[in-house]
Amino acid sequence: MSTVTQAAPGDFWEVEPHHHHEGASTSIGFWIYLMSDCLMFAVLFAVFGVLGGSYAAGPGPKDLFDLELVALNTAFLLLSSITYGFAMLAMVKENTRGTLMWLGITLVFGLLFLAVEIYEFNHLIHLGAGPQRSAFLSAFFALVGTHGLHVAFGCLWLVTLMIQIRQRGLIPANRRRLACLSMFWHFLDVIWIGVFTFVYLLGMI
Amino acid sequence: MTSIEAQGDKHRAERQAEAHGDQHDDGHDHGSVRSYLTGFVLSVILTAIPFAIVMAGGFESRFLTAAVVVGMAIVQILVHMVYFLHMNTRSDEGWTMMALIFTVVILVIVLSGSLWVMYNMNTNMMPQMNHEALGLGS
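Residues numbered from 1 in each chain as written. Chains lettered and ligands numbered in written order. Predicted model: local features only at pLDDT ≥ 70, side-chain atom pairs only at ≥ 80, totals over all residues. Heavy atoms only, no water.

Student: Help me out: how do you make sense of the overall build of chain A in this one?
Tutor: Looking only at helices and strands, one finds seven helices and zero strands in chain A. Along chain A, helices (α) and strands (β) appear in the sequence α-α-α-α-α-α-α when read from the amino end. Expected size for 205 residues packed as a compact globule is a radius of gyration near 17 Å; at 23 Å, chain A overshoots this value by more than 25%. Principal-axis analysis of the C-alpha atoms gives chain A an extent of 90 × 45 × 25 Å. Expressed as a percentage of its 205 residues, the buried residues of chain A come to 53%. A fraction of 80% describes how many contacts in chain A between residues 6 or more apart in sequence connect residues 24 or more apart. Counting every atom, chain A has about 9,500 Å² of accessible surface; 66% of that belongs to carbon and sulfur. The centroid of the 9 positive side-chain charges in chain A is displaced by 10 Å from the centroid of its 12 negative side-chain charges. (Helix = DSSP H or I, 4+ residues; strand = E, 2+ residues; numbered from the N terminus. Rg over C-alpha atoms; globule rule 2.2 N^0.38 Å. Buried < 20%, exposed > 50% of the residue type's maximum accessible area, 1.4 Å probe, protein only. Contact = heavy atoms within 4.5 Å. Areas by Shrake-Rupley, 256 points an atom, 1.4 Å probe, with all protein chains shown as cover. Lys, Arg positive; Asp, Glu negative; His and termini not counted. Charge placed at Lys NZ, Arg CZ, Asp CG, Glu CD.)

Student: Sorry, what's going on with the packing of aromatic side chains here?
Tutor: The description of an aromatic ring pair uses the distance of the two centres, along with the angle that the planes make with each other. Residue and element names in this part refer to chain A. What the rule picks out here adds up to 20 aromatic pairs over all chains. Seen from their ring centres, Phe48 and Phe136 are 6.0 Å apart, and the 55 degrees between their planes marks the pair as tilted. One end of the pair, Phe48, is in helix α2 (residues 26-51); the other, Phe136, is in helix α6 (residues 135-168), and 88 residues separate them in sequence. Residue Phe48 shares its accessibility class with Phe136, and that shared class is buried. (Phe/Tyr/Trp six-rings, centres within 6.5 Å; stacked < 30°, edge-to-face > 60°.)

Student: What exactly am I supposed to notice about the interface of chain B and chain A here?
Tutor: Bring the parts together and some accessible area is lost; that lost area is often taken as the interface size. Listed as interface residues are 49 residues of chain B and, on the opposing side, 52 residues of chain A. Approximately 4,400 Å² of surface area, both sides summed, lies buried where chain B meets chain A, with 80% of it carried by carbon and sulfur atoms. Between chain B and chain A we count zero salt bridges in total. Run the count over chain B and chain A and you get three residue pairs in polar contact (both at pLDDT 80 or more). Counting residues per element, the ones that place at least two in the side of chain B that touches chain A are α1 (3-24), α2 (33-55), α3 (62-84) and α4 (95-124) of chain B. Top contributing element to the side of chain B that touches chain A by residue count: α4 of chain B, with twelve residues. Looking at the side of chain B that touches chain A residue by residue, the classes come out as 27 nonpolar, 16 polar and six charged. (Buried area = accessible area lost by both parts, 1.4 Å probe. Salt bridge = Lys/Arg side-chain N within 4 Å of Asp/Glu carboxyl O. Polar contact = N/O pair within 3.5 Å; in protein donor to acceptor, adjacent residues only side chain to side chain. Nonpolar A, V, L, I, M, F, W, Y, C, P; charged D, E, K, R; others polar.)

Student: Could you clarify how one ought to interpret the packing of helix α7 (residues 172-204) of chain A against α3 of chain B in this entry?
Tutor: Angle between the axes and distance between the axes are the two parameters that describe a pair of packed helices. Remark: α7 of chain A packs on α3 of chain B, axes separated minimally by 10 Å, with the N-to-C direction vectors making an angle of 175 degrees. As judged from the angle between their axes, α7 of chain A and α3 of chain B are roughly antiparallel. The segment α7 of chain A lies against α3 of chain B, with His186, Asp189, Val190, Ile193, Phe196, Thr197, Phe198, Leu201 and Leu202 of chain A engaging Ala66, Val69, Val70, Ala73, Gln76, Ile77, His80 and Phe84 of chain B. For the contact of α7 of chain A with α3 of chain B, the residue count by class is twelve nonpolar, four polar and one charged. (Axes fitted to C-alpha atoms, helices over the stretch in contact; angles between N-to-C directions. Parallel < 35°, antiparallel > 145°, perpendicular 65-115°, else oblique.)

Student: Please clarify how a nonpolar patch on the surface should be interpreted in this entry.
Tutor: A cluster of nonpolar side chains, Trp95, Met98, Ile101, Val105 and Ile109 of chain B, forms an exposed patch at the surface whose accessible area comes to about 530 Å². Inspection of the secondary structure assignment puts Val105 of chain B in helix α4. (Patch = residues over 30% accessible without salt bridge, like charges linked within 9 Å, V, L, I, M, F, W, Y side chains within 5 Å.)

Student: What should I look at first to understand the nonpolar core in this one?
Tutor: One broad trend across soluble globular proteins is that nonpolar side chains are buried collectively. Counting 78 residues, the largest nonpolar core has Trp31, Phe140, Leu178, Trp192 and Tyr200 of chain A as its most contacted members. Of all the secondary structure elements, the ones that give two or more residues to this core are α2, α4 (67-92), α5 (96-126), α6 and α7 of chain A together with α2, α3 and α4 of chain B. Ranked by residue count, the leading element in this core is α7 of chain A, at 17 residues. Among all residues touching Leu178 of chain A, those that are not within four sequence positions of it are Tyr84, Met88, Met91, Thr99, Leu103, Leu161, Ile165 and Leu170 of chain A. (Core = buried A, V, L, I, M, F, W, Y, C linked by side-chain atoms within 4.5 Å.)

Right under this line is the structure:
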């Protein structure tokens, strides 16, 4: 019997609260945000799926879309994804200059993507195929525009982080932020796969 | 040392090992140049093929073209998940994977449900349905 009382409380239950290092739950929290963002895109895709054929006697995908431009945009986004990956690898190696350089290249590709998309939207509106022309075009601008807006905010975030890293270096907080933006950036590329497949390619078949 | 004491020691050792693991291995995989390049090359192939098929006019069967294009997209999404987002069943004790599975389930319900319901609405409420002749409202 005496052996039982000799055992310290800590042997059977935790006497101190379970300690997590700072920011340990950030990545799971950010992932949950991305998943909710994904559901928002799912709704926009569903809207496009339902209204994608309602042209209201207006222009359809074959009259409007230029696949070469879309292929160019896809290439920009895919390249930005891998350059961001290289930035993360440089970060792991504590290479501040390398991280900043790859982030800069990522930013250039992100901005090129946005430039092409703005050109495309401007061109469509010029043709009289703006969002108010038909249900198909409303759904198109809502879906592709929301994705473009995400990329724009991603670029803004990227600039902010580059300034932070230049000022404070690769401190743990900045590494955590870089990891979050990494998830965000790759997630946008995943959404773009859905966009170019369901909106552009299936529309042109 | 009695067996109970020995057991207590064993538990303590296990918990310390766990705490140790918590601090140093957060289960996040940052990948390597090799994994990123593998993902990139696979993505380029999986993007180039559907674009080439559609730009060349597609197969004779539109359904086949659509199936190939969508199939490639699904594979590419998986490639991105594994090589770029480093999805695995270990990070955050599997909760990221659980969140992803939950999201995919909701996503499938939202997409298939919307398309199914709205398709039936459209087919059953065709414009040629003459409301006046049927005496339904104006």
